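Examining the three-dimensional arrangement
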Amino acid sequence: MMATILVIDDEPLVCTLLQIVLTRHGHEVRMAYNGREGIESFRRNRPRFTFLDLYLPDMTGIEVLRQIRRIDPEGAVLILTAARSQEMEQQARELGVTDYLIKGLPVDALVGAVRQATLQPIESAGAAPSEKFSLLLVDDDPAIRLWLAEALTQRGHRVRAAQDGPTALALAAAEPPHLIVLDMHMPGMNGVEVLRRLRAQNYAGVTMMLTGSQDDLLLKEALGHGTIDIVSKAADPERIVLAIEARLIFTKR
């Protein structure tokens, strides 16, 4: 059964990821990027379920929740936040939130939270099952390979890693992954050269670039070889993982 779900969060990647996942399960998803928009959308649409970030640019999630409770004292609201605060969690629970979750959970856990909150099966009759994907991480920094591999493995994906271009090319030729995440700057063979050789060996999957510095020439070359996304290593780790997850959801087997 389709439900209207409202996502109130100032991070576009979070909104987009939830919209993709929940829409694929047959639900109508509306998004608001600040508290005032969220309150107005809640009043207008009366969603069956609301994801609410605690930290918004114009007001706190607690303030939004108080306004929501004036409109609907029983509406199902799930707090989704990047930073846990005992005081805010206590306030949220006193206002009757359905659940209080930290960002970074696998999308399946969020879908499960919606299922429990709505007390209805979240899968519609024609919905596709949750897909898992194979990834190849290519980066000469072992720390980046480790935390990305751990985060994506926890989300149920199959992850392989390579420390350089030649190793990546060999792994991709042996078993082409759905998505390759490439470091742009690596010794010996940079990410753009790896990408060029992947295309030459007919790799048809999706690629993303990670970069630690702005190099307009390399960026232009990467885009010319079909790179879909370019993500800065300076971004918050959770944001990088969310970007990869969002791209995976668009990827077709």
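For the structure, see preceding data.
1. Things to note about the packing of helix α3 (residues 61–71) against helix α4 (residues 86–94)
Direction vectors running N to C along α3 and α4 enclose 5°, while the axes themselves pass 10 Å from each other. Here α4 runs roughly parallel to α3, going by the angle between their axes. Of the residues in α4, those touching α3 at I62, L65 and R66 are M88, Q91 and A92. The residue makeup of the contact of α3 with α4, split by class, is four nonpolar, one polar and one charged.

2. A closer look at the packing of helix α2 (residues 35–45) against α3
Where α2 meets α3, the axes come as close as 10 Å, and the angle between the chain directions of the two elements is 15°. In terms of orientation, α2 lies roughly parallel with respect to α3. Pair α2 / α3 crosses with right-handed handedness. Two secondary-structure elements touch here, α2 through G35, I39, F42 and R43 and α3 through V64, Q67, I68 and I71. Considering only residue class, the contact of α2 with α3 consists of five nonpolar, two polar and one charged.

3. Observations concerning the nonpolar core
Counting 20 residues, the largest nonpolar core has I8, L52, V64, I79 and A92 as its most contacted members. Within the residue set of this core, elements represented by two or more residues are β1 (4–8), α2, α3, β4 (76–81) and α4. Top element by residues in this core is α3. It accounts for five residues. Setting aside chain neighbours within four positions, we find I79 in contact with L52, L54, A92, V97, D99, Y100 and L101. Of all hydrophobic cores here, the second largest spans 19 residues; its members include L135, L137, I144 and V231.

Conventions and cut-offs
Every chain is numbered on its own, with residues counted from 1 as its sequence reads. The predicted nature of this model means local features are confined to residues of pLDDT at least 70 and side-chain atom pairs, given and counted, to a pLDDT of 80 or more, with totals for whole chains, interfaces and linings taken over all residues. Side-chain descriptors were evaluated using all non-hydrogen atoms of the structure, hydrogens and water having been removed beforehand. Convention adopted: a line fitted to C-alpha atoms gives each axis, helices being fitted over their contacting stretch, and angles between N-to-C directions are expressed from 0 to 180 degrees. In this text, helices come from DSSP runs of H or I with a minimum length of four residues, and strands from runs of E with a minimum of two, each type numbered from the N-terminal end. In what follows, roughly perpendicular refers to angles from 65 to 115 degrees, roughly parallel to angles under 35, roughly antiparallel to angles over 145, and oblique to any angle outside these ranges. The contact criterion used throughout is that any non-hydrogen atoms of two residues lie within 4.5 Å. Amino acids are sorted into nonpolar (Ala, Val, Leu, Ile, Met, Phe, Trp, Tyr, Cys and Pro), charged (Asp, Glu, Lys and Arg) and polar (every other residue, Gly among them). By definition, any crossing whose near helix is turned counterclockwise from its far helix by less than a right angle is left-handed, and any crossing with a clockwise turn is right-handed. For our purposes a nonpolar core is just a set of buried Ala, Val, Leu, Ile, Met, Phe, Trp, Tyr and Cys residues, chained together by side-chain atoms within 4.5 Å. Here's how the labels work: a residue is buried when its accessible area is under 20% of the maximum for its type, exposed when over 50%, partly exposed in between, all with a 1.4 Å probe on protein chains only.

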